[in-house]
Amino acid sequence: MAGEPGLFISFEGIDGSGKSTQARMLAEALRGHGHSVVLTREPGGSAGAEDIRRLVLEGDPDRWSPETEILLFTAARRDHLEKTILPALARGEVVITDRFADSTRMYQGIRRSENGADLRAMVDDLHARMIGVEPDLTILIDIDAEVGHSRAVARAGAEQRFEDMGTALQARMRAGFLELAKEQPRFAVINGAREPATVAVDVLATALDKLA
Ligand code: ADP
Ligand code: TYD
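Residues numbered from 1 in each chain as written. Chains lettered and ligands numbered in written order. Predicted model: local features only at pLDDT ≥ 70, side-chain atom pairs only at ≥ 80, totals over all residues. Heavy atoms only, no water.

Asks: Tell me what's going on with the site of ligand 1, and back it up with residues and numbers.
Replies: Of all residues adjacent to ligand 1, which total 14 residues, the nearest are Gly16, Lys19, Ser20, Thr21 and Arg194. Backbone polar atom of serine 17 to an oxygen atom of ligand 1: 3.2 Å apart, as the coordinates give it. The separation between a nitrogen atom of ligand 1 and a polar main-chain atom of proline 196 is 3.5 Å. For ligand 1, whose free accessible area comes to 560 Å², the fraction covered by protein is 72%. Counting only elements with at least two residues in the shell around ligand 1, the list comes to α1 (19-32) and α6 (145-155). Residue contributions to the shell around ligand 1 peak at 3 residues, all from α1. (Near = heavy atom within 4 Å. Polar contact = N/O pair within 3.5 Å; in protein donor to acceptor, adjacent residues only side chain to side chain. Areas by Shrake-Rupley, 256 points an atom, 1.4 Å probe, with all protein chains shown as cover. Helix = DSSP H or I, 4+ residues; strand = E, 2+ residues; numbered from the N terminus.)

In structure tokens form, the structure reads like this:
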């Protein structure tokens, strides 16, 4: 709303947890409450970042080394931040992004490079230098890895590189997200294993609470 500071909200969770569905529903609900909302996503959310999205999500799973992948996701995020997120926040709008830096912390940070480098430290270091921004509120849609996997597979298209990683890794990722949520007060953890409309009630209440 004009004259008021914007609010930056991210959705996080494993593949198939229902983030995109809930991000869309929250955007509609907040517009219904009179807010100006920019709904966006990562990787992507700006023209340049959408180009990078195609590079990282399509093709052979071994196409990029873990280090190159971190650079690509961070480059996409930097463009998204410059072109889409920061301008919208400066206009006082609510920005809702389907994934942000916590996804890189989990998906790239959880892997080990071939020379044994600590990739999570690399992700955090690059984030501090190149992004330096965290959401005001991060909504973690929490769901069992098997359930998320079966939903994601049912919906699969060309963007298969990450969905192919299997439920064992998704389960580690779920635990990693819950760990992050314990450490950082910006997180709200919401049970995603319910009807979309029921999940959406909790999501909206959390966002309105933050906006109040
Ligand atoms: P994500 O963005 O986290 O990968 P999506 O919102 O795209 O998840 O949902 C993945 C699939 O599961 C879609 O086909 C969607 O329609 C379905 N879905 C989303 N939320 C729910 C829910 N609460 N219960 C059952 N199915 C759901
Ligand atoms: P997304 O389109 O959100 O997929 P989904 O709807 O299945 O959750 O994201 C595509 C994939 O990109 C997803 O498997 C997670 C991965 N990803 C990373 O590995 N690192 C990142 O920094 C981001 C933003 C996404």
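Asks: A description of the packing of α6 against helix α7 (residues 167-183) should follow, citing residues and the corresponding values.
Replies: Packed helices, taken two at a time, are described by the angle their axes make and the gap between the axes. Contact geometry for α6 and α7: axes closest at 9 Å, N-to-C directions at 120°. Considering their axes alone, α6 and α7 lie oblique with respect to each other. When the axes of α6 and α7 are compared, the crossing they make is right-handed. On the side of α6, the interface is formed by Ala145, Glu146 and His149, while α7 contributes Thr167, Gln170 and Ala171. Residues of the contact of α6 with α7, tallied by class, amount to 2 nonpolar, 3 polar and 1 charged. (Axes fitted to C-alpha atoms, helices over the stretch in contact; angles between N-to-C directions. Parallel < 35°, antiparallel > 145°, perpendicular 65-115°, else oblique. Left-handed = near helix turned anticlockwise from the far one by under 90°. Contact = heavy atoms within 4.5 Å. Nonpolar A, V, L, I, M, F, W, Y, C, P; charged D, E, K, R; others polar.)

Asks: How would you sum up the side chain of threonine 104? Please name residues and give values.
Replies: Assignment of secondary structure puts threonine 104 in helix α4 (residues 101-107). With relative accessibility at 1%, the residue threonine 104 sits in the buried group. (Buried < 20%, exposed > 50% of the residue type's maximum accessible area, 1.4 Å probe, protein only.)

Asks: Account for the packing of aromatic side chains, with residues named and values stated.
Replies: For any pair of aromatic rings, the description rests on two quantities: the centre-to-centre distance and the angle between the ring planes. Going through the model one piece at a time under the given rule, you end up with 1 aromatic pair. With 5.0 Å between their ring centres and 85° between their planes, phenylalanine 8 and phenylalanine 100 make a pair best called edge-to-face. Within this pair, whereas phenylalanine 8 is found in strand β1 (residues 7-12), its partner phenylalanine 100 is found in the loop between β3 (94-98) and α4, the two being separated by 92 residues in sequence. There is no split in this pair, since phenylalanine 8 and phenylalanine 100 are both buried. One residue, arginine 77, lies across the ring of phenylalanine 100, its end atom 5.3 Å from the ring centre. (Phe/Tyr/Trp six-rings, centres within 6.5 Å; stacked < 30°, edge-to-face > 60°. Lys NZ or Arg CZ within 6 Å of the ring centre and 35° of its normal.)

Asks: Outline unusual backbone geometry, supporting the account with residue identities and numerical values.
Replies: Residue proline 43 is bonded to the preceding glutamate 42 through a cis peptide linkage, with omega at -15°. Mapped onto the elements of the fold, proline 43 is located in the loop between β2 (37-41) and α2 (47-57). We note that arginine 99 has phi near 85°; this positive angle belongs to a residue other than glycine. Position of arginine 99 relative to the elements: it lies in the loop between β3 and α4. Classification of arginine 99 as buried rests on a relative accessible area of 12%.

Asks: Account for the sheet that holds strand β5 (residues 187-191), with residues named and values stated.
Replies: Spatially, 5 strands are ordered β2-β3-β1-β4-β5 in an open sheet, and the strand pairing comes out parallel. The open sheet terminates on both sides in strands that have one partner only, identified here as β2 and β5. Neighbouring strand axes in the sheet, compared pairwise and without regard to direction, differ in orientation by 20° on average. The sheet contact formed by β1 and strand β4 (residues 137-142) spans 4 bridges and is parallel. From the neighbouring strand, phenylalanine 11 faces β4, where its bridge partner is isoleucine 139. (Pairing = 2+ DSSP bridges.)

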